[in-house]
Amino acid sequence: MHSAVSSPAPEWLTPPDDANDLVPAVWPASAERDADGELVLGGVTAGRLVRTYGTPLQVLDETEVRRRAHVLRAAFDAAARAHGTTARVYYAGKALLNTTIVRWVLDEGLNVDVCTGGELEVALAAGADAGRLGFHGNNKSVAELERAVAAGVGTIIIDSAIEIERLAAIVSRGASAAGADAAQRVMLRVNSGVHAETHDFLATAHEDQKFGTPLQLAPELVARIREIEGLEFVGLHCHIGSQIFGVAGFRESASRVLDLHQELLAGGDIPQLNLGGGFGIAYTRADAPEPIETLADGIVAAVAEGCAARGIPVPALSFEPGRAIVGNAGVTLYEVGTIKDVALEVGTRRYVSVDGGMSDNARPALYGAQYSARLASRAGEGAPVLVRVVGKHCESGDIVVDHEHLPGDVAPGDLLAVAATGAYCAPLSSNYNHVPRPPIVAVRDGESRVIVRGESMADLLARDAGIQR
Ligand code: LLP
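Note that the structure is a prediction, hence the values are computed from the model and not measured. (Residues numbered from 1 in each chain as written. Predicted model: local features only at pLDDT ≥ 70, side-chain atom pairs only at ≥ 80, totals over all residues. Heavy atoms only, no water.)

**Description of the overall build of the protein chain**
Stated precisely, the cut-off is as follows: Numbered from the N terminus, helices here are DSSP runs of H or I no shorter than four residues, and strands are runs of E no shorter than two. Only protein chains enter the area calculation, which uses a 1.4 Å probe; residues under 20% of their type maximum are buried, those over 50% are exposed, and those in between are partly exposed. In this description, contact between two residues means that some pair of their heavy atoms is separated by no more than 4.5 Å. What sets the accessible areas is the Shrake-Rupley method with a 1.4 Å probe; for residues, cover comes only from the shown protein chains.
Secondary structure summary: the protein chain contains 13 helices and 23 strands in total. Dimensions along the principal axes, computed over C-alpha positions, put the protein chain at roughly 70 × 60 × 40 Å. Buried positions account for 54% of the 469 residues belonging to the protein chain. Sequence-distant contacts, at least 24 apart, represent 71% of the contacts inside the protein chain between residues at least 6 apart. Taken as a whole, the protein chain presents about 19,200 Å² of accessible surface, with 51% of it coming from carbon and sulfur.

Okay, structure coming up:
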């Protein structure tokens, strides 16, 4: 209860002993301070990165992405083996997608899930074997479905009755990459009525959201899919939310979906079950996600027990983590510009402005998401002060880090690093206020390279048809 009386800090934000510390759960494993106190990522100092590429800069630690992909895959493999089944992991590309990252995760033995025609093109441009792709979306167009079928996408996850008929028309024309005889494998996404958000889950009979088919309607849709010669129904899909902690929501959802799975077995084999993604990560020192091994075992055990109780075989499982693979591998570097102390009714808040903001990270504005920041160009001195890091956009909700303690001597010209920006930052970025999007640079073993180039002023003006060229 330190906060309410004397400071505007929220209760979850405990002041650190050292406001230069790098909490291991939040930062990539390679993050450290060198002898001068400068932040080093993947063996490259923040100063060197910024001298080469400028600010703002999205840094992605390749080793961390690969390690997390590997750990997830190994954890689900081990859990599946222990419970007599197999598990496949799809990287949910919506979290961060470019051809380089697709190659990294494929290389680590993962598959890739895409949810629009654009994401599909990136995965194909990376040279991905289309058979290792899953295609999602609640409103896939006919053109997108045609492209997916023609490319030979491994699994299309059907979201609605209308989509079944769209696919039926496409496969009846023999458009499959594998030829007219090969059936297109499909799953049906169901809405289990379980909605999990961070630490809690909510279970209802009727979930009020756009994704998937309500459980009650699924038998009718599956029967229709099974009638269509060019489609092969391989199983149910269910994704209950994102940034989820613990297994309780997955357990409840799996139990509901297994009731349906069992019912549908009367109409034929169902080899697979996909339980989606959503595994939570640490954004601040207050977040303590369980080890992925614990989650994997808890979820797979729940499915295996549920199958045993129903006397049915355990299907091959799939999972679709996005954030858990890339979130903590990303760090954004900014330069500090102006600083203001704003007197509040209770205490003072120091506003630290940086040269980016909601155009490169919309999550604080969109979701009230919390982040962690540290001085990057040096270790600071002075007692920790409560700051709010804000961007340069013309909007008061343009917050980068809502609440953080930084060394009291934070000053204009310092480099600031914001942790855990690898997921859902670049994909949600915009050109609001005509701010160019930053480059994405990969670091590994002391080397850095651009994997997505930054936007130039020329890029910003390129689509304005009123400019004489
Ligand atoms: N599978 C499906 C069907 C999904 O819809 C999602 C996320 C995932 C997998 C991956 O979830 P993850 O493991 O990354 O949590 N923009 C929001 C998150 C939106 C997530 C949408 N679907 C955010 O920034 O928090």
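**Re the pairing of strand 16 (residues 330-343)**
This is how it is decided: In this description, strands pair whenever DSSP reports at least two bridges between them.
Two elements, strand 4 (residues 57-61) and strand 16, share 4 bridges in a ladder whose sense is antiparallel. Looking at strand 16, one finds that Q58 is bridged to T332. Pairing geometry for strand 16 and strand 21 (residues 415-419), over 5 bridges, is antiparallel. Its bridge partner lying in strand 21, T332 is registered against V418. Sheet topology note: the strand 16/strand 17 (residues 348-354) ladder contains 6 bridges and is antiparallel. Residue pairing for strand 17: D341 is matched across the bridge by R350.

**Observations concerning the layout of surface pockets**
Formally: In the cavity and pocket records, a cavity denotes points on a 1 Å grid over the protein atoms alone where a 1.4 Å probe fits but cannot get out, a pocket denotes an open set with protein on both sides within 12 Å along at least 5 of 7 lines, and lining residues are residues with an atom within 4 Å of a point. Grid points are joined across faces, edges and corners, and a volume is the space filled by probe spheres set on the points. When residues are sorted by character, Ala, Val, Leu, Ile, Met, Phe, Trp, Tyr, Cys and Pro go into the nonpolar class, Asp, Glu, Lys and Arg into the charged class, and all the rest, Gly among them, into the polar class.
For the second largest pocket, the calculated volume is near 390 Å³. What lines the second largest pocket is a set of 21 residues, and nearest its centre among them are R68, E290, P291, I292 and A324. Of all the secondary structure elements, the ones that give two or more residues to the lining of the second largest pocket are helix 3 (62-82) and helix 10 (292-310). Among the residues making up the lining of the second largest pocket, the classes are represented as 14 nonpolar, 2 polar and 5 charged.

**Here we look at the domain arrangement of the protein chain**
Put simply, the rule is: Domain start and end points were adopted from an automatic or database domain assignment. Accessible surface is computed with a 1.4 Å probe, and the buried area is the amount of it that two parts give up when combined, taken over both parts together.
One can read the domain layout of the protein chain as domain 1 (32-62 + 328-462) and domain 2 (83-325). Of note, the centres of domain 1 and domain 2, computed from C-alpha atoms alone, are 34 Å apart. Facing the 20 residues of domain 1 at the interface are 14 residues of domain 2. Counting the surface lost from both domain 1 and domain 2, the interface buries some 1,500 Å², and carbon and sulfur atoms represent 57% of this.

**Thoughts on the pattern of salt bridges**
Selection rule: Any carboxyl oxygen of Asp or Glu within 4 Å of a side-chain nitrogen of Lys or Arg constitutes a salt bridge here.
Under the definition given, this model contains 26 salt bridges. Between E121 and R147 there is a salt bridge, and its shortest N-O distance comes to 2.6 Å. Here the residue E121 occupies a position in helix 5 (residues 117-125), and R147 occupies one in helix 6 (residues 142-151), the gap between them amounting to 26 residues. A relative accessible area of 37% means that R147 is categorised as partly exposed. The closest approach of N and O atoms between R453 and D459, which form a salt bridge, is 2.7 Å. Residues participating in the shared-partner salt-bridge network are E62, R66, D107, E108, R444, D445 and R449.

**Description of the nonpolar core**
In a soluble, globular protein the nonpolar side chains are often hidden away together inside. Put simply, the rule is: Residues belong to one nonpolar core when they are buried, are Ala, Val, Leu, Ile, Met, Phe, Trp, Tyr or Cys, and are joined through side-chain atoms within 4.5 Å.
Formed by 127 residues in total, the largest nonpolar core has its most connected members in L188, F279 and L333. Each of domain 1 (32-62 + 328-462) and domain 2 (83-325) accounts for three or more of the residues forming this core. Apart from the residues lying within four places of it in its own chain, the contact partners of F279 are L72, F76, I244, F250, I292, L295, I299, F319, P321 and A324.

**Let's talk about the pairing of strand 17**
Extensive coverage of strand 17 is indicated by the burial of 5 of its 7 residues. In this structure, strand 17 lies alongside strand 19 (residues 384-390), joined through 4 bridges in parallel fashion. Residue pairing for strand 19: R350 is matched across the bridge by V387.

**Thoughts on empty space enclosed by the protein**
For the structure on display, the rule yields 3 cavities of 30 Å³ or more. Considering only enclosed or pocket space, the largest cavity measures out at about 90 Å³ in volume. Looking at the largest cavity, it is lined by 14 residues, and the ones nearest its centre are V23, R285, S372, R374 and E404. Every element with two or more residues in the lining of the largest cavity is listed here: strand 18 (373-375) and strand 20 (399-407). Here the lining of the largest cavity is built from residues that sort into 7 nonpolar, 3 polar and 4 charged. In this model, the second largest cavity occupies a volume close to 50 Å³. Elements represented by at least two residues in the lining of the second largest cavity include exactly strand 8 (155-158) and strand 14 (272-274). Along the lines of polarity and charge, the residues of the lining of the second largest cavity split into 3 nonpolar, 5 polar and 2 charged.

**Details of the packing of aromatic side chains**
Heads up, the condition is: To pair, rings of Phe, Tyr and Trp, with the six-membered ring standing in for Trp, must have centres within 6.5 Å; the planes then decide the type, stacked if under 30 degrees apart, edge-to-face if over 60, and tilted in the middle. As a reminder, the over-ring test applies to NZ of lysine and CZ of arginine, requiring each to be within 6 Å of the ring centre and within 35 degrees of the ring normal.
Taken as a whole and judged by the stated rule, the model has 4 aromatic pairs. With centroids separated by 5.4 Å and ring planes inclined at 40°, the aromatic side chains of F250 and F279 adopt a geometry described as tilted. Of the two residues, F250 sits in helix 9 (residues 248-264) while F279 sits in the loop between strand 14 and helix 10, which places them 29 residues apart along the sequence. F279 gets classed as buried once you look at its relative accessible area, which sits at 2%. An aromatic cluster is built from F76, F250, F279 and F319, whose rings are joined through pairwise contacts. The ring of F135 carries K140 above its face, with NZ or CZ at 5.9 Å from the centroid.

**Focus on the environment of G267**
Within the secondary structure, G267 sits in the loop between helix 9 and strand 14. As for G267 and P219, which are separated by 48 residues in sequence, their C-alpha atoms are 9.6 Å apart.

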